[in-house]
Amino acid sequence: MNADRVLEDLRELARLTGGPDGARRVCWTDEWTKAREFLRSRLAELPVEVSVDEAGNLWAAMEGDGEGFVTVGSHTDSVPAGGWLDGALGVFTAVEALRSQAESGRPPVGLRLVDWADEEGARFGRSLFGSSSCAGTLDPDEVRDLRDRDGERLEDVLARYDVELDRARESGARLRGARAYIEAHIEQGPVLESRGEPAAAVLGTFGVERHVAVFTGETAHAGATPMGMRRDTFMAASQAALAIRDVGFAHEGGVCTVGGATSEPGVVTAVPGRTEMLLDQRHLDPDTLAAMLSEAREACERAASDHGCEVELKHLWSIPPIPFDDRLIGFARQAVQDAGGQDTAIPSGPLHDAAEMARLIPTVMIFSSSSPPVSHTKEEDTPEADLRVAIEAYGRTASGMLELAAAGELPPRE
Ligand SMILES: [Zn+2]
């Protein structure tokens, strides 16, 4: 792997589709098309066949000697005013994997790059459109009528990009012959930076439980109602929020977030009779995640009863933890060490296209550090030295996957 070429491509992409306000490659916009044109210009220099599938995912296929192929990829789209590395790092590291392979000859099995469409869901609010279509987990009816800020429907906008929503899942046929998947990405959080580590293997993506806790009590006059005679839902929610923070601390590796609360009537002269509190919980282990949810529920019930209120937990969305492949994680850990990092593996809090692939084929990711440890903002960055370690570790892991496939392991998907 030649990390210089990856960094050059990333800087060129940032020059073309970024600026002082950050990246602007929102999927299903002209800027995204421009980013893809740049990607195509790089792929045009390689012995690959480029095509776009029914979900708008772009594929570049390099033939190999043996049956099937190893898949490398990520997403070129970004959030508005996003960073230069989120998604782009994985795509142009994958380009380099193809480029360095092409220089050393025909691979032992095929090598295919994929640029997933609309990972971010920035325009319509539905993430992982392309990869979940390909994995068969997207329900077209759930997204058909989603509208952007200007009121345009998802289905209509996609049609302008030659994506027929009801046929998007046919893209799954592209995975026939797929043996494994690898993706590089920035961590987007503070863990590696805080440990002084440049890169890491990724264990899998957190399971997520999202709920809204609805507390009901009684709206009452702020002056006329003595303290001991109130059914104050804001106080109940506050007590619950503090207890839920402790649930997060009690389960190592877990996170609990109360993202916000709104009270009614929401005026300075009234005890709030109704409060809705947003709750997000994540963990890599399904049993622990279930325990965290039930403890949060108990905390809400206790707090409600302490304040003479009732509470109901309404389910918003959930996804189970998606672990990556143990053997590939082992490869990736070794590769990170060989590339100058430490033997380390961390879970991913954010979801990634790799999570959709992990449902179907052996999958692994490599994270570089994020420093400052933020993402989805123009301040997003990673020291060049850390990017180099991640790129090198990725190349070594991908080579290991090709060798494993050549040895008859990682069977092609039917
Ligand atoms: Zn991303």
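Structure: see above.
How each quantity is defined
Residues numbered from 1 in each chain as written. Predicted model: local features only at pLDDT ≥ 70, side-chain atom pairs only at ≥ 80, totals over all residues. Heavy atoms only, no water. Buried < 20%, exposed > 50% of the residue type's maximum accessible area, 1.4 Å probe, protein only. Helix = DSSP H or I, 4+ residues; strand = E, 2+ residues; numbered from the N terminus. Pairing = 2+ DSSP bridges. Contact = heavy atoms within 4.5 Å. Donors = N, O, S within 2.8 Å, 3.2 Å for Na, K, Ca; no water. Expected span 1.5 Å × (residues − 1). Arc of directions from axis to C-beta. Polar contact = N/O pair within 3.5 Å; in protein donor to acceptor, adjacent residues only side chain to side chain. Lys, Arg positive; Asp, Glu negative; His and termini not counted. Salt bridge = Lys/Arg side-chain N within 4 Å of Asp/Glu carboxyl O. Core = buried A, V, L, I, M, F, W, Y, C linked by side-chain atoms within 4.5 Å. Axes fitted to C-alpha atoms, helices over the stretch in contact; angles between N-to-C directions. Parallel < 35°, antiparallel > 145°, perpendicular 65-115°, else oblique. Left-handed = near helix turned anticlockwise from the far one by under 90°. Nonpolar A, V, L, I, M, F, W, Y, C, P; charged D, E, K, R; others polar. Phe/Tyr/Trp six-rings, centres within 6.5 Å; stacked < 30°, edge-to-face > 60°.

A. Main features of the pairing of strand E4 (residues 110–115). Burial analysis of E4 places 5 of its 6 residues in the buried class, which makes it a mostly covered element. As paired strands, strand E2 (residues 58–62) and E4 are joined by 5 bridges and run antiparallel to one another. In the sheet register, Ala-61 faces E4, and the bridge partner there is Arg-112. As paired elements, strand E3 (residues 69–74) and E4 share 6 bridges and run parallel to each other.

B. Here's a closer look at the environment of Ser-127. Position of Ser-127 among the secondary structure elements: in the loop between E4 and helix H4 (129–135). For Ser-127, a relative accessible area of 34% translates into the label partly exposed. The residues touching Ser-127, leaving out its near neighbours within four places in the chain, are Asp-118, Glu-119, Glu-120 and Gly-121.

C. Layout of unusual backbone geometry. Put simply, Glu-264 and Pro-265 share a cis peptide bond, and its omega is 0°. Among the structural elements, Pro-265 can be located in the loop between strand E9 (255–264) and strand E10 (270–271). Phi angles above zero are rare outside glycine, and Asp-162 is one such case at about 60°. By the secondary structure assignment, Asp-162 is in the loop between helix H6 (154–160) and strand E5 (178–186). For Gln-188, which is not glycine, the phi dihedral falls at a positive 70°.

D. Layout of the coordination of the zinc ion. Only His-75 (NE2), Asp-86 (OD) and His-185 (NE2) from the protein reach the zinc ion as donors, at distances of 2.0 to 2.2 Å. The class for His-185 is buried, based on a relative accessible area of 1%.

E. Helix H1 (residues 3–17), seen in detail. Given a rise of 1.5 Å per residue, 15 residues ought to cover 21 Å, and the 21 Å separating the end C-alpha atoms of H1 matches this to within 8%. Within H1 the residues assigned to the buried category are Ala-3, Val-6, Leu-7, Asp-9, Leu-10, Leu-13 and Thr-17. Taken down its axis, H1 places every buried residue within 160° of arc, on the same side. For H1, exposure combined with an orientation more than 90 degrees from the buried face picks out Glu-8 and Arg-15. Residues of H1 that are buried in the fold lie against helix H2 (30–43), helix H3 (88–104) and helix H12 (384–406). Here H1 starts with a cap whose side-chain oxygen sits 3.0 Å from the backbone nitrogen of Asp-4, and that cap is Asn-2.

F. Quick look at the side chain of Asp-53. Looking at where Asp-53 falls in the secondary structure, it is placed in the loop between strand E1 (49–52) and E2. Nearest to the buried, unbridged Asp-53 among oppositely charged side chains is Arg-174, at 4.9 Å. A distance of 2.8 Å separates the side chain of Asp-53 from the side chain of Trp-59, its partner in a polar contact. Beyond its immediate sequence surroundings of up to four residues, Asp-53 is in contact with Trp-59, Ser-171 and Arg-174.

G. Broad picture of the nonpolar core. Core analysis: the largest hydrophobic core is formed by 80 residues, its most contacted members being Leu-43, Phe-92 and Leu-98. In contact with Leu-43, not counting residues within four places along its chain, are Val-48, Val-50, Leu-58, Ala-60, Val-95, Leu-98 and Leu-113. Cys-256, Leu-279, Leu-293 and Ala-299 belong to the second-largest nonpolar core, a separate cluster that totals 19 residues.

H. Structural context of the packing of helix H8 (residues 233–250) against helix H9 (residues 286–306). Orientation of H8 relative to H9, taken along the N-to-C sense of each, is 150°, at an axis distance of 8 Å. It follows from the interaxial angle that H8 and H9 lie roughly antiparallel. With respect to the hand of their crossing, H8 and H9 are arranged in right-handed fashion. Residues Ala-236, Gln-239, Ala-240, Ala-243, Ile-244 and Val-247 of H8 form the contact with H9, whose own contacting residues are Met-292, Glu-295, Ala-296, Ala-299, Cys-300, Arg-302, Ala-303, Ala-304 and Asp-306. Along the lines of polarity and charge, the residues of the contact of H8 with H9 split into 11 nonpolar, 1 polar and 3 charged.

I. The pattern of salt bridges, seen in detail. Enumeration over the complete set of coordinates arrives at 33 salt bridges. Of the charged contacts, one joins Arg-144 and Asp-166 as a salt bridge, the two residues approaching to 3.0 Å between their closest N and O atoms. You can see Arg-144 sitting in the loop between helix H5 (140–143) and H6 and its partner Asp-166 sitting in the loop between H6 and E5, a full 22 residues away along the chain. Taking relative accessible area as the criterion, Asp-166 reaches 49% and is therefore assigned partly exposed.

J. Spotlight on the packing of aromatic side chains. What the rule picks out here adds up to 7 aromatic pairs. Taking 5.8 Å as the distance between ring centres and 80° as the angle between the ring planes, the aromatic pair formed by Trp-59 and Trp-116 counts as edge-to-face. Remark: Trp-116 occurs in the loop between E4 and H4 and Trp-59 occurs in strand E2; sequence separation between them is 57 residues. For Trp-116, a relative accessible area of 0% puts it in the buried group. Taken together, Trp-28, Trp-32, Phe-129 and Tyr-161 form an aromatic cluster joined through their ring pairs.

K. The arrangement of helix H10 (residues 326–338) in detail. Over its 13 residues, H10 runs 18 Å from end to end, which matches the ideal 18 Å to within 8%, given 1.5 Å per residue. Listed in full, the buried residues belonging to H10 are Leu-328, Ile-329, Ala-332, Ala-335 and Val-336. One side of H10 carries all its buried residues, which in axial view fall inside an arc of 125°. Residues of H10 that are buried sit in contact with E5, strand E6 (199–205), strand E15 (363–368) and H12. The N-terminus of H10 is capped by Asp-325, whose side-chain oxygen sits 3.2 Å from the backbone nitrogen of Arg-327. In the stretch just after H10, Gly-340 is the one whose phi turns positive, near 110°.

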